[in-house]
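# Structural overview
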Amino acid sequence: RRTYDAWLKNHIVPKWGEYRLNQIQPKAVEDWLHTTFDSWWTKHGVQAMMNRVFSHAEGYGLWEEGKRSPSSRAKLGKKTHARERQIPSFEETAKVLTLLDEPYRLIIETCIATGARISEVLGLKWKHVNLDAATIKIEQRVWHQEIGRPKSDGSRRILGIGDLTPRFRAKASDDEAKPDQFVFQQKRSPGRPLWDSGVRDAL
């Protein structure tokens, strides 16, 4: 939301605020996106936001129903990234992990060790953890605090946690774990899972 507010205040309104909707041309939007933003993903996000402005206008009868918005016809070109994307080495990964506080370190190490998605790890309850067998069972996921089924039937699976088992065992003891309790829950709101965005911020 803060990002959207910033885009509106700093870019969209200063550039297009004085135009009527039917005065905005696709080529002008396209040129503006390419000269204003470096990141392909930012261009995509700003374009999507402008599309929603037209969609909202349509709901109020200010834009012809079913007519494509000029912003949607702007071409963004090939996906690019502002910074070169790199996969860290094992040594670099280890250095990052040593700087993380718990439980974020255990969450990310679980993702690395099992290949599970972060949403699946945050969806774990203690009833899904078998400390004797050293496994976790993926039965659900948490995304933006919404609990749901994994992406596909094939995503429901049992994964080994190996050397992480003693850490999970220690956490279960510290948390006085109960079967229906989330493994990784919020300190301020016990009973609710951690936010995925919080884990990313920590990383």
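Residues numbered from 1 in each chain as written. Predicted model: local features only at pLDDT ≥ 70, side-chain atom pairs only at ≥ 80, totals over all residues. Heavy atoms only, no water.

## Quick notes on the overall build of the protein
Looking only at helices and strands, one finds 8 helices and 5 strands in the protein. Taking 203 residues into account, the globule formula puts the C-alpha radius of gyration at 17 Å, and the protein, at 23 Å, lies well above it. Seen along its three principal axes, the alpha-carbon backbone of the protein occupies a region of about 65 × 40 × 35 Å. Long-range pairs, those at least 24 residues apart, make up 57% of the contacts in the protein between residues at least 6 apart in sequence. Just so you have it, the protein exposes about 13600 Å², and 49% of that area is on carbon and sulfur atoms. Side-chain charges in the protein split into 35 positive and 26 negative, and the spacing between the mean points of these groups amounts to 4 Å. (Helix = DSSP H or I, 4+ residues; strand = E, 2+ residues; numbered from the N terminus. Rg over C-alpha atoms; globule rule 2.2 N^0.38 Å. Contact = heavy atoms within 4.5 Å. Areas by Shrake-Rupley, 256 points an atom, 1.4 Å probe, with all protein chains shown as cover. Lys, Arg positive; Asp, Glu negative; His and termini not counted. Charge placed at Lys NZ, Arg CZ, Asp CG, Glu CD.)

## Digging into the packing of aromatic side chains
Within the structure shown, the criterion is met by 7 aromatic pairs. Aromatic rings pair up to connect Trp16, Tyr19, Trp32 and Phe37 into one cluster. Directly above the ring of Trp16 sits Lys15, whose terminal nitrogen or CZ lies 5.2 Å from the centroid. Lying over the aromatic face of Phe182, Lys125 brings its terminal NZ or CZ to 5.0 Å of the ring centre. (Phe/Tyr/Trp six-rings, centres within 6.5 Å; stacked < 30°, edge-to-face > 60°. Lys NZ or Arg CZ within 6 Å of the ring centre and 35° of its normal.)

## Quick look at the environment of Ile138
Here Ile138 lies in strand E2 (residues 135-138). Expressed as a C-alpha distance, the spacing of Ile138 and Glu91, which sit 47 residues apart in the sequence, is 29 Å. Other than its neighbours up to four places away in sequence, Ile138 contacts Ala116, Glu120, Leu124, Pro150, Ser155, Arg156, Arg157 and Leu159.

## What to know about the environment of Ile158
Structurally, Ile158 is set in strand E5 (residues 157-160). Ile158 sits 28 residues away from Asn130 along the chain, and the two C-alpha atoms are 9.9 Å apart. Apart from the residues within four sequence positions on either side, Ile158 is in contact with Thr135, Ile136 and Lys137.

## So, the sheet that holds E2
Sheet architecture is open: 3 strands sit in the order E1-E2-E5, paired in antiparallel fashion. If you trace the sheet from one side to the other, it starts and ends with strand E1 (129-130) and E5, each paired once. As paired elements, E2 and E5 share 4 bridges and run antiparallel to each other. Counterpart to Ile138 in the pairing with E5 is Arg157. (Pairing = 2+ DSSP bridges.)

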